[in-house]
Amino acid sequence: MKGSVRKVAVLGSTGSVGTQALDVIRAQEGLSLCALSAKNNVEEAEKQIRAFSPAFAAMADPRAAAELMLRVADTGTRVFAGREGIAEMIASCGADVYLNSVLGFEGLFSTREIIKTGKPLALSNKESIVTAGELVKKAAKRSGTEILPVDSEHCAIHQCLRVGEHGEIKKLLLTASGGPFYGYSPRELEKVTLEETLAHPTWKMGKKITVDSATLMNKGFEVIEASRLFDVPGEKIEVLVHRESIVHSAVEYADHAILAQLSLPDMRFCAQYALTYPCRLPGPTEELSLAEIGSLSFARPDLTAFPLLALAYRALSDGGIYPAVLNAANEEAVHAFLDKKIRYPEIAEVVTAVYEETPPLGVPLTFKQIYQADAEARLAAGERVRRIEIQERKLSR
Ligand code: MN
């Protein structure tokens, strides 16, 4: 970071983490944006191109790409279209570091293309690691890509691990805000609404992950993510409810020393950490005043009220395609919930049913099998959602 400017490519630049990463790039002289990609938000992409003048941009949706091309024809930015275009841009943009903040399973595509470059990958797309962690890690090792987690818990653990050896780790302590329904009984959870689910107490995020935070599915994915990223088995990963979201996670070492990372809950912190690693630059957020916070609390999560967290531990130990199945069924169930097709408790019902009916794979895991398991779990989840809708219609008649 000394003197030279680090060129950053941001994949998924119009999403919540993407825009916050651009805030970091704007604020740090040592960072510049050389490429961006988005799905189809042409308006926001145009604004970003005009503000940052990256050499390259790409839109996953070819029609959106065509529109963007017209809109930014007066700029020097070259626009790529579709998945092939994104792959070409990743290969040719010459970034020093890539941030992947694409939403959902789709982000696995960008992760794989970025790894081919051998350059560091600041990874905000947890689905890449949840669904295909072992394969992604193998590929990264081969090409020399270092994966720097942008997820706040994993960013915290990454920092805490810098002071110890892998063999000295006793436990990872993964903190969870507990979401808007902390302390609710399964019965109370029966009646919660979409609006209540979307009101997260401490973090400002996209809708899908906000729902996942309310069901603790997000924490479950993060257990899998932590296990894969840091080579620590599920038994050594403990989830700790911490309502204040100040301690972002911690590592307990063999001597029972616990090292934790504390800061205000703000994704810009994590984006900057990953983009400027191993340097520490002046903070993108306000200082944390512990005296003002006063006290911090910790508790165990309720696995009965939040069964998807328990199911994630099971998927981690079942391995193979199961984490991908869990992710796909959940993505579909959450979208059905956001579309008001199913109710809150039915998210876990759909996901669990799809998981249970998926037979294990008898052959070694490949990316192709992950994609297939993903597609099949989505179909199965869609089928379950339709059945629930039909039932509901019968009841309301
Ligand atoms: Mn997180």
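The rules behind each value
Residues numbered from 1 in each chain as written. Predicted model: local features only at pLDDT ≥ 70, side-chain atom pairs only at ≥ 80, totals over all residues. Heavy atoms only, no water. 1 Å grid on protein atoms, 1.4 Å probe; cavity = no way out; pocket = protein on both sides within 12 Å on 5 of 7 lines; lining within 4 Å. Points joined across faces, edges and corners; volume = space filled by probe spheres on them. Helix = DSSP H or I, 4+ residues; strand = E, 2+ residues; numbered from the N terminus. Nonpolar A, V, L, I, M, F, W, Y, C, P; charged D, E, K, R; others polar. Disulfide = S-S within 2.5 Å. Axes fitted to C-alpha atoms, helices over the stretch in contact; angles between N-to-C directions. Parallel < 35°, antiparallel > 145°, perpendicular 65-115°, else oblique. Left-handed = near helix turned anticlockwise from the far one by under 90°. Contact = heavy atoms within 4.5 Å. Domains from an automatic or database assignment. Buried area = accessible area lost by both parts, 1.4 Å probe. Salt bridge = Lys/Arg side-chain N within 4 Å of Asp/Glu carboxyl O. Polar contact = N/O pair within 3.5 Å; in protein donor to acceptor, adjacent residues only side chain to side chain. Donors = N, O, S within 2.8 Å, 3.2 Å for Na, K, Ca; no water. Buried < 20%, exposed > 50% of the residue type's maximum accessible area, 1.4 Å probe, protein only.

A. Just the layout of surface pockets, in detail. If you add up the space inside the second largest pocket, you get close to 450 Å³. Lining the second largest pocket are 15 residues, and of these Glu146, Ile147, His158, Leu229 and Phe230 sit closest to its centre. Elements supplying a minimum of two residues to the lining of the second largest pocket: helix 6 (126-143), strand 7 (147-149) and helix 11 (217-230). With 3 residues, helix 6 is the single largest residue contributor to the lining of the second largest pocket. Here the residues of the lining of the second largest pocket sort into 7 nonpolar, 3 polar and 5 charged.

B. The state of the cysteines, seen in detail. Under the criterion given, the structure shown has 0 disulfides. Cys93 takes part in no disulfide bond, and the closest cysteine sulfur, belonging to Cys34, lies 4.3 Å away. Left unpaired, Cys270 is separated from the closest cysteine sulfur, that of Cys155, by 4.2 Å.

C. Summary view of the packing of helix 11 against helix 14 (residues 307-318). For the pair helix 11 and helix 14, interaxial distance at closest approach is 7 Å and the crossing angle is 25°. Overall, the two elements helix 11 and helix 14 adopt an arrangement that is roughly parallel. For the element pair helix 11 and helix 14, the recorded crossing hand is right-handed. Of helix 14, the residues touching helix 11 (which contributes Met217, Lys219, Gly220, Phe221, Val223, Ile224, Ser227 and Arg228) are Leu308, Leu309, Ala312, Tyr313, Ala315 and Leu316.

D. Structural view of the domain arrangement of the protein. The domain boundaries assigned to the protein delineate domain 1 (6-150), domain 2 (152-317) and domain 3 (319-397). The straight-line distance from the C-alpha centre of domain 2 to that of domain 3 is 25 Å. For the domain 2 and domain 3 pair, buried surface summed over both sides reaches about 1900 Å², with 69% attributable to carbon and sulfur atoms. At the boundary of domain 2 and domain 3, one finds 2 salt bridges. Our count for the domain 2 to domain 3 interface comes out at 9 residue pairs in polar contact (both at pLDDT 80 or more). Going through the elements one at a time, helix 9 (194-197), helix 10 (207-215), helix 11 and helix 14 are the ones with two or more residues in the side of domain 2 that touches domain 3. In terms of residue count, helix 14 provides more of the side of domain 2 that touches domain 3 than any other element does, 8 residues in total. When its residues are assigned to classes, the side of domain 2 that touches domain 3 shows 17 nonpolar, 4 polar and 7 charged.

E. The arrangement of empty space enclosed by the protein in detail. Under the definition given, this model contains 1 cavity of 30 Å³ or more. Considered as a void within the structure, the largest cavity measures approximately 40 Å³ in volume. For the largest cavity, the full set of lining residues is Ile129, Val130, Thr131, Ala132, Gly133, Glu134, Arg228, Gly320, Pro323 and Leu365. With 6 residues, helix 6 is the largest single contributor of residues to the lining of the largest cavity. Considering only residue class, the lining of the largest cavity consists of 5 nonpolar, 3 polar and 2 charged. Lining the lining of the largest cavity are residues from two domains, each supplying at least three of them: domain 1 (6-150) and domain 3 (319-397).

F. Region of the structure containing the coordination of the manganese ion. Distances from the manganese ion to its protein donors, Asp151 (OD), Glu153 (OE) and Glu222 (OE), fall within 2.1 to 2.2 Å. Each donor residue of the manganese ion lies on the same chain, and together they follow the pattern D-x1-E-x68-E. Separated by 69 residues along the polypeptide, Glu153 in helix 7 (residues 152-160) and Glu222 in helix 11 bring together distant segments of the chain. Classification of Glu222 by relative accessible area gives buried; the value is 1%.

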